[in-house]
Amino acid sequence: MSNKIKLGVLLAGGCAGCEMAIVDLSERLLDALEHLEVVFWAPTVADVKYKDLEAMPEGAIDVALVDGMVRLDEHEHMLKVLREKSKVLVAFGSCASEGCIPGMANLFKAEDLLKQGYVDTFSTDNPDGILPQPEWKEDGKYDLTLPRFLDKVSPISSVVEVDYFMGGCPPHPDFVWEAILAIVQGNLPPKGSWITCGK
Ligand code: SF4
C-alpha cells in the first residue's frame with residue numbers, strides 16, 4: 001500500500017483558475033507527486049467521477065482542496081460528501097474562501113442572472129426565453145438532470161467545516177508550493193488558519 005498522502009481536488013462554482021495554479025507549479029509538481037497521490041480530481045482533471053467519491057470510505061482522502069464557491073445544490077452535495085471522505089479540507093483560493101468576484105452575483109436576483117445569461121446577451125438566440133429547467137420523468141417525479149441554481153453565492157464554509165483557507169485569485173503557485181510542503185512535512189498551522197506564503 002502506498003504511503004503517499006492521498007489528495008482530492010473538487011472544483012465547485014469557480015473558473016478552474018486555481019487548479020491552473022497547481023499546474024503552474026511546473027517541474028515542482030513532479031517533486032510533489034513523489035509524496036502525493038491524486039485519488040480524486042473532479043470534474044476537471046482525473047477520470048474519477050462523483051460516484052467514485054461517494055463510494056470511498058470515510059477518511060479515504062488525507063487532504064482535499066476545494067476551489068470555487070457554492071452556486072448550485074450540486075456543489076452543496078459534493079462538498080458534504082467530500083468533507084465526509086476527507087481528513088483535512090482546504091478552501092483553495094478566494095472563491096472557496098470568501099466568494100471572490102462571483103460573490104458580486106449576490107447583488108442580483110437569481111432569476112435575473114439566468115435571464116441575463118440565457119436570454120439578454122446580444123449573442124444569444126433564444127426568442128422563447130427558455131431557461132435551464134429540470135426535466136420531468138414520465139411518472140411526474142422531479143428528475144435531477146440539472147442542478148438547482150441557488151438564490152445566493154456562498155463560500156464553502158457556509159456548507160461544511162473548513163480546516164484551512166488559502167486566498168488568491170488564483171493563489172500564487174509559490175503559495176501552493178508552500179502549502180504542499182507544509183502538508184508533506186506535517187507542518188500545517190492550527191486549524192482554521194489562513195495558509196500564506198512565507199509563514
Ligand atoms: Fe477562478 Fe479566481 Fe475563483 Fe480561483 S479564486 S476559481 S481563479 S475566480
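Residues numbered from 1 in each chain as written. Predicted model: local features only at pLDDT ≥ 70, side-chain atom pairs only at ≥ 80, totals over all residues.

Draft legend 1. Looking closely at the overall build of the protein chain. The helix and strand tally for the protein chain stands at seven helices and nine strands. Its C-alpha radius of gyration of 18 Å places the protein chain within 12% of the 16 Å reference for a compact globule of 199 residues. Residue burial in the protein chain is summarised as follows: out of 199 residues, 31% are buried. Within the protein chain, contacts between residues at least 6 apart in sequence are counted, and of these 77% link residues at least 24 apart. (Helix = DSSP H or I, 4+ residues; strand = E, 2+ residues; numbered from the N terminus. Rg over C-alpha atoms; globule rule 2.2 N^0.38 Å. Buried ≥ 20, exposed ≤ 12 C-beta atoms within 10 Å, placed from the backbone. Contact = placed C-beta atoms within 7 Å.)

Draft legend 2. Structural context of the sheet that holds strand 9 (residues 164-166). The sheet built from five strands is open, its strands ordered 2-1-3-5-9 with parallel pairing. On the outer flanks of this sheet lie strand 2 (36-42) and strand 9, each paired with one strand and no other. When the angles between neighbouring strand axes are averaged without regard to direction, this sheet yields 25 degrees. When strand 3 (residues 61-67) meets strand 5 (residues 86-92), the two strands line up parallel, connected through five bridges. Residue pairing for strand 5: alanine 64 is matched across the bridge by leucine 89. Its contacts with the sheet place helix 4 (residues 73-85) against strand 1 (5-11), strand 3 and strand 5, and it is angled at close to 135 degrees to strand 5. (Pairing = 2+ DSSP bridges. Axes fitted to C-alpha atoms, helices over the stretch in contact; angles between N-to-C directions.)

Draft legend 3. Quick look at the site of the ligand. Every one of the 13 residues lining the ligand counts as a neighbour, but Gly14, Cys15, Gly17, Cys95 and Cys169 are closest to it. Looking at the shell around the ligand, the elements with two or more residues in it are helix 1 (17-23) and helix 5 (94-98). Per-class residue counts for the shell around the ligand are seven nonpolar, five polar and one charged. (Near = placed C-beta within 6 Å. Nonpolar A, V, L, I, M, F, W, Y, C, P; charged D, E, K, R; others polar.)

Draft legend 4. Focus on helix 4. The terminal C-alpha atoms of helix 4 lie 19 Å apart, and with 13 residues this matches the ideal 18 Å at 1.5 Å per residue to within 8%. Considering only its buried residues, helix 4 is in contact with strand 1, helix 3 (50-55), strand 3, strand 4 (70-72) and strand 5. (Expected span 1.5 Å × (residues − 1).)

Draft legend 5. Seen up close, the nonpolar core. Core analysis: the largest hydrophobic core is formed by 42 residues, its most contacted members being Ala12, Ala64, Val66, Val90, Ala91, Ile156 and Met166. In terms of residue count, helix 7 (residues 173-184) provides more of this core than any other element does, six residues in total. Not counting residues up to four positions away in its chain, the partners in contact with alanine 91 are Val66, Ala96, Ser97, Pro155, Ile156, Ser157, Val162, Phe165 and Met166. (Core = buried A, V, L, I, M, F, W, Y, C linked by C-beta atoms within 7 Å.)

Draft legend 6. Geometry of the confidence of the model for the protein chain. Of all residues in the protein chain, 90% attain a pLDDT of 70 or more, and the chain-wide mean is 89. In the predicted complex, the global pTM is 0.90; the interface-specific ipTM is 0.99. (pLDDT = per-residue confidence, 0-100.)

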